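# Coordinate analysis (summary)
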Amino acid sequence: MSNLEKSGTFTLGDRTVTRLGYGAMQLAGKGVFGPPKDRAEAIAVLREAVESGVNHIDTSDFYGPHVTNQIIREALHPYRDDLVIVTKIGATRGPDASWNPAFSKEALTQAIHDNLKNLGLDVIEVVNLRAMFDVHGPAEGSLEEPLTVLADLQRQGLVKHIGLSNVTAKQIADGRKITEIVCVQNQYNLAHREDDALIDQLAAQRTAYVPFFPLGGFSPLQSSTLSDVAADLGATPMQVALAWLLQRAPNILLIPGTSSRTHLRENLAVADITLPAAAIEKLNGIASAKSS
């Protein structure tokens, strides 16, 4: 058993991955735009992640744009047989670094081909369609047209599996009428637990849930509580936040990102952390804590 397998494994599509993965967003420049400050370090981070047992990498061709996928290809191609690369489509980047919806058939088709080219793949293992009705969080709106386009690309053999990102429970249910949905990627953490019921529902259905922004949107009081618990355990706040997510539900797959090998090692060390009941009780109170 590798160290990362201590965190458990779960099914993603028809593959089994360790629950501690890696998110490539931070490999691009500031604001997820442009090249990284240190490309050599970005390559080293990816190589060490995979050498350490990471077999699930989350990326997108609109990170940079194109930057992270090109770095992944340079660092890791030809890819290990057990490596699952997940990308997402549904947005483009403006010259001002803005995030813009890209739901047309032409835009989605181009996005798939761009991801394939920049990653050096013939088929993408999992593609998440990111809803863009509200950039800041899930909002209702029909995904039928873009999801139908993506399902057609799947039938063409360019995509193996389809997931959804930044979506509501209704959008997931509606999406399943069009194609199988193998994973859901939404914001979720100790402070933002709107998806509690959804996570439990997906767990019962053996569907992976991939939370992003594990420390996003904390109030000062919430951050202070997390820091206190981390200090008691001799860990960093990020490690405790990730460990709580691992213990929250068996279908949660983590994709913490970093552009530093030092931080990568800290993140992967979470596999060795088991939070005691008293710590979990304190952490569970964070969601209801008010800003000071």
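One structure accompanies this document, and this report is about it. The shown structure was predicted, so the numbers you read here are calculated from the model rather than taken from an experiment. (Residues numbered from 1 in each chain as written. Predicted model: local features only at pLDDT ≥ 70, side-chain atom pairs only at ≥ 80, totals over all residues. Heavy atoms only, no water.)

### Quick word on the sheet that holds strand S8 (residues 124-130)
Read from one edge to the other, the open sheet built from seven strands follows the order S3-S4-S5-S8-S9-S10-S11, with strand pairing classed as parallel. The open sheet has two edge strands, strand S3 (22-23) and strand S11 (208-212), and neither has a second partner. Pairing of strand S4 (residues 56-58) with strand S5 (residues 84-89), which is carried by three bridges, proceeds in the parallel orientation. Along S5, the bridge assignment pairs His-56 with Val-84. (Pairing = 2+ DSSP bridges. Helix = DSSP H or I, 4+ residues; strand = E, 2+ residues; numbered from the N terminus.)

### A closer look at the packing of helix H3 (residues 105-119) against helix H4 (residues 144-155)
Contact geometry for H3 and H4: axes closest at 10 Å, N-to-C directions at 40 degrees. Looking at the two axes, H3 sits oblique to H4. At the point where H3 passes H4, the crossing takes the right-handed sense. The residues of H4 that touch H3, namely those facing Lys-105, Leu-108, Thr-109 and Ile-112, are Pro-146, Val-149, Leu-150 and Leu-153. Residues of the contact of H3 with H4, tallied by class, amount to six nonpolar, one polar and one charged. (Axes fitted to C-alpha atoms, helices over the stretch in contact; angles between N-to-C directions. Parallel < 35°, antiparallel > 145°, perpendicular 65-115°, else oblique. Left-handed = near helix turned anticlockwise from the far one by under 90°. Contact = heavy atoms within 4.5 Å. Nonpolar A, V, L, I, M, F, W, Y, C, P; charged D, E, K, R; others polar.)

### Considering the pairing of strand S1 (residues 9-12)
Along S1, the buried face is formed by Phe-10 and Leu-12; none of Thr-9 and Thr-11, which line the opposite face, is buried. The sheet contact formed by S1 and strand S2 (residues 15-18) spans four bridges and is antiparallel. Within S2, the residue paired with Thr-11 across the bridge is Thr-16. (Buried < 20%, exposed > 50% of the residue type's maximum accessible area, 1.4 Å probe, protein only.)

### Points about the packing of aromatic side chains
A complete count under the given rule lists six aromatic pairs for this structure. Between the aromatic rings of Phe-103 and Phe-133, the centroid separation amounts to 6.1 Å while the plane-to-plane angle is 85 degrees, which identifies the pairing as edge-to-face. Taken together, the residues Phe-103 in the loop between strand S7 (99-101) and H3 and Phe-133 in the loop between S8 and H4 connect sequence positions 30 residues apart. Their ring planes at 25 degrees and their centres at 6.0 Å tell us that Tyr-188 and Trp-244 sit as a pair that is stacked. Of this pair, Tyr-188 sits in the loop between strand S10 (181-187) and helix H6 (196-204) while Trp-244 sits in helix H8 (residues 237-248), and the two are 56 residues apart along the sequence. Assigned by exposure class, Tyr-188 and Trp-244 land together as buried. Each residue in the set Phe-62, Tyr-63 and Trp-99 is aromatic and connected to the rest through ring pairs, giving one cluster. (Phe/Tyr/Trp six-rings, centres within 6.5 Å; stacked < 30°, edge-to-face > 60°.)

### Here we look at the pattern of salt bridges
The final tally for this structure, using the stated rule, is 15 salt bridges. Glu-41 is the partner of Arg-261 in a salt bridge, and the nearest nitrogen-oxygen pair spans 2.7 Å. Here Arg-261, found in helix H9 (residues 261-268), pairs with Glu-41, found in helix H1 (residues 39-51); they are 220 residues apart in sequence, far enough to count as distant. For Arg-261, a relative accessible area of 32% gives the class partly exposed. (Salt bridge = Lys/Arg side-chain N within 4 Å of Asp/Glu carboxyl O.)

### Points about the nonpolar core
Counting 81 residues, the largest nonpolar core has Ile-112 and Leu-150 as its most contacted members. Considering every element that reaches this core, the biggest residue donor is H8, with seven residues. When neighbours within four sequence positions are excluded, Leu-150 is seen to be in contact with Ile-89, Ile-112, Val-127, Leu-129, Val-159 and Ile-162. Ranked by size, the runner-up nonpolar core spans 12 residues in total, among them Leu-12, Val-126, Cys-183 and Leu-253. (Core = buried A, V, L, I, M, F, W, Y, C linked by side-chain atoms within 4.5 Å.)

### Focus: the packing of helix H2 (residues 67-76) against H3
At a closest axis distance of 8 Å, the pairing of H2 and H3 adopts a crossing angle of 35 degrees. Taking contact as the criterion, the partners of Asn-69, Gln-70, Ile-72 and Arg-73 in H2 are, on H3, Asn-115, Lys-117, Asn-118 and Leu-119. Looking at the contact of H2 with H3 residue by residue, the classes come out as two nonpolar, four polar and two charged.

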